[in-house]
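In case you want the letters, here they are:
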Amino acid sequence: MRFLLPALLLFSSCASAQTNPEPPLIPRPASMIMGQGYFAVTSAVSILIDSKELKPEGAYLRDVLTTLLPEAPMLLPQRTIEGPVIALAISNDGEMPAEGYSLHIAPERIDLLASDRAGVFHGIQTLIQLLPPKGSETAIPCLTITDHPRFAWRGMHLDVCRHFFGVEFVKKYIDLLARYKMNRFHWHLTDDQGWRIEIKKYPKLTEVGAWRSGSQIGPYGRGEYDSIPYGGFYTQDQIREVVAYAAARHITVVPEIEMPGHAMAALAAYPEYSCTGGPFEVQKGWGVFEDVFCAGNDSTFSFLQDVLTEVMDLFPSDYIHIGGDECPKERWKTCAKCQARMKSGGLKDEHELQSYFIQRIEKFVNSKGRKIIGWDEILEGGLAPNAAVMSWRGTEGGVAAAKSGHYAVMSPGSHCYFDHYQGDPANEPLAIGGYTTVQKVYSYEPIPAELKADQAKYILGAQGNVWTEYILTPEHVEYMAVPRMLALAEVLWTPKEKRDEADFIKRLELEFARLEVMGVNASKSLYQVSIVPRQGDGSGAIIIDFKKPTARFPLLIEWSIGDTFVQNPSWPSSIEIHDTSLVRASLVDTTGGVFRAPYPTSTRYFVFNLATAQKITATPPPAERYNEGGAFTLVDGITAQEKRVNTEWLGWLKDVSITVDLGSEQDISHIGIGALNETYSWIHLPKQVEVSISSDGKNYSPLGSAEAKATVGRSEFVINKAVKARYVRLVVKHAGLIPEGFPGAGKQSWLFLDEIDVH
Ligand code: ACM
Ligand code: ZN
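The structure reproduced in this document is the subject of the present report. (Residues numbered from 1 in each chain as written. Chains lettered and ligands numbered in written order. Predicted model: local features only at pLDDT ≥ 70, side-chain atom pairs only at ≥ 80, totals over all residues. Heavy atoms only, no water.)

## Thoughts on the packing of helix α2 (residues 55–66) against helix α3 (residues 117–130)
Part 1 of the argument: Across the interface, α2 lies against α3 with an axial gap of 10 Å and an inter-helix angle of 10 degrees. The orientation of α2 with respect to α3, classified from their angle, is roughly parallel. Of the residues in α3, those touching α2 at Pro56, Glu57, Tyr60, Leu61 and Val64 are Arg117, Val120, Phe121, Ile124, Gln125, Leu127 and Ile128.
Part 2 of the argument: Per-class residue counts for the contact of α2 with α3 are nine nonpolar, one polar and two charged. (Axes fitted to C-alpha atoms, helices over the stretch in contact; angles between N-to-C directions. Helix = DSSP H or I, 4+ residues; strand = E, 2+ residues; numbered from the N terminus. Parallel < 35°, antiparallel > 145°, perpendicular 65-115°, else oblique. Contact = heavy atoms within 4.5 Å. Nonpolar A, V, L, I, M, F, W, Y, C, P; charged D, E, K, R; others polar.)

See below:
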């Protein structure tokens, strides 16, 4: 055996020993006091456990150390040999909070004392974060940590229905949760696009319900599908394997069985539990579907109770998630059985029928000694007596639950939906929408301000959700979940007063290097430089501001127009462009820092035409919500795409007149403007675009009406005529009220425009 310890260990014996620097732990411990000197982690170390109960945790630690050391350390019930030890013990003084631990590292001995086995496990995770990422004998700093979680529910969710992820990846995901001391894995197992859990009594749920004939491709609402059969499911043996794997990591797996809505896969297999009798298909596209479980049919409840019985046999979780979100009531309104149920039960509307549905299921689940949790729609029509609420449509559901003495888990879309964009969409893979940076997640406070202390205790914690409509691979799940789940883990674990964004970002930088060694495809969007155009003097120049992603970094940005990168040592920085240019920018680490992987490069392609960066007016101006950059956005050199977070499109609820001054008389053969057709978002193409031109900006002569094909997505309204003009005017006629047959029928439609092209 070879003992090769880092030089810093040698220092520890010097008289001039210094207090160790703080290690970059995530989540940050409640209390950490640095000591002097180091503990040498070698094969000579023995792991001691104070009771048989801690054998699994001891074995877990031994297995981790074995990957670093030439020989496996010994795992012993008590001290039987000389040498350095890591002693794991449960405290029986009753002082320590649940899941809490204290970790004392001295040169010859590590003592990990915890309130329970979960606390021992969390302490081991802290110890692991102190170790190097790759195999080698090492030394870890002497310190004392006293630590415990702020919240009891520290969750991550994974949707395996829209896309399926196998057991190996689910275990890797659970390992990530464990590393950051999260303790709930919410497994979204059933939905319209696939039923993913074997149920012995109803084999068709997976024979039929686990498979679809194709999948939606491209942005939401496009109506484009491939025809590649897709599916998969977990056998009950695999489920048991995952549940045991998670339990060994002190993570409770919370299964979700969706009802009464999001049930198309189940109904494709067993249409008799719908209102109409079907037939149905497992859905290829994303969204909300009108066929749901029939609430008037007693056999629906027998079926769901049978399913839940098998589910409760597989999952020891105290909470069973029964979905409850996004359940349209259309079928219930015209179903004789549902209407009869409402009449006999004295239910005044379909919301009360939904409440009846959930309460009946709750009664059954409670009778088995378990509790239900559901999305916040379960509040509508009256909350089931013992139900907990998962608040996703903002925080109101959680607030209402807590105020009425019900437990709640916070998962608001604004901070906890990790399917949202995390960086500038121009540089991100297609996502469902939204914009939730890692800093925004870090800023989240799970206790809503309006709750009093006696109500706040009903907030169990929070959870990050990873819906997978646009996430097809394990690598992409990792990209969306990491590092945002690390930010949420710290929100949920660390005392509020110890939270510090700049400090977190610094620790995260070091953690990225470890994640890389662990083979985790973490997103580096945090380091993306934003390339933001603004109007120059109105004579064809665009000023580009490079916005640094995080204030902390003493890093240069490097930018290029075309191929040659230029380093810009001054900050903030901007450049001016006058012609079509590919602009790229990235951070450059000049500090020789730990994070050596290249920083991501942001790219924007600015295309100039005669109108670009010229003087422009729009009357009236865009609606406040969709007015990013003002009218300049129409001539900023960037053509808005369907993939959007509303920064590139301007929106109106009425007609608009747009005038561009080209600066001098120009030869023109083409005048066009882009409009968006996205009817599921209430965005309709304009009725027409009337184009006129002028030489003096006073007298305009009409050129005609620009037409477009009514295609889905971006459409160009164009007129092709050879003329001379200095001023170009486009009067865009809004589509008016949304016609019947479209979402939002009868409401005012939106007009979305971007980028004028004159050449
Ligand atoms: C949800 O995002 N429909 C809970
Ligand atoms: Zn019905």
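From this point, the discussion proceeds with the structure in view.
## Section: the pattern of salt bridges
Part 1 of the argument: A complete count under the given rule lists 35 salt bridges for this structure.
Part 2 of the argument: Asp306 is the partner of Lys201 in a salt bridge, and the nearest nitrogen-oxygen pair spans 3.2 Å. Of the two residues, Lys201 sits in the loop between β11 (194–195) and α5 (204–207) while Asp306 sits in helix α8 (residues 298–314), which places them 105 residues apart along the sequence.
Part 3 of the argument: You can call Asp306 partly exposed: its relative accessible area is 22%.
Part 4 of the argument: One salt bridge connects Asp291 with Arg331, and the closest N-O pair in it is separated by 2.8 Å. Taken together, the positions of Asp291 in the loop between α7 (264–269) and α8 and Arg331 in helix α9 (residues 330–334) put the pair 40 residues apart, joining distant regions of the chain.
Part 5 of the argument: Salt bridges sharing common partners tie together Arg28, Glu490, Asp503 and Arg507. (Salt bridge = Lys/Arg side-chain N within 4 Å of Asp/Glu carboxyl O. Buried < 20%, exposed > 50% of the residue type's maximum accessible area, 1.4 Å probe, protein only.)

## Re the coordination of the zinc ion (ligand 2)
Part 1 of the argument: Within the protein, Cys275 (SG), Cys294 (SG), Cys335 (SG) and Cys338 (SG) serve as the donor atoms for the zinc ion (ligand 2), at 2.3 to 2.4 Å.
Part 2 of the argument: Coordination at the zinc ion (ligand 2) is tetrahedral: its four donor atoms span angles of 106 to 113 degrees at the metal.
Part 3 of the argument: For the zinc ion (ligand 2), the donor residues sit on a single chain with the sequence spacing C-x18-C-x40-C-x2-C. Pair noted here: Cys275 is in the loop between α7 and α8 and Cys338 is in helix α10 (residues 336–345), with a separation of 63 residues, a long-range link.
Part 4 of the argument: In this structure Cys338 comes out as buried when scored by relative accessible area, which is 0%. (Donors = N, O, S within 2.8 Å, 3.2 Å for Na, K, Ca; no water. Tetrahedral: all angles 85-135°; square planar, octahedral: opposite > 155°, others 65-115°.)

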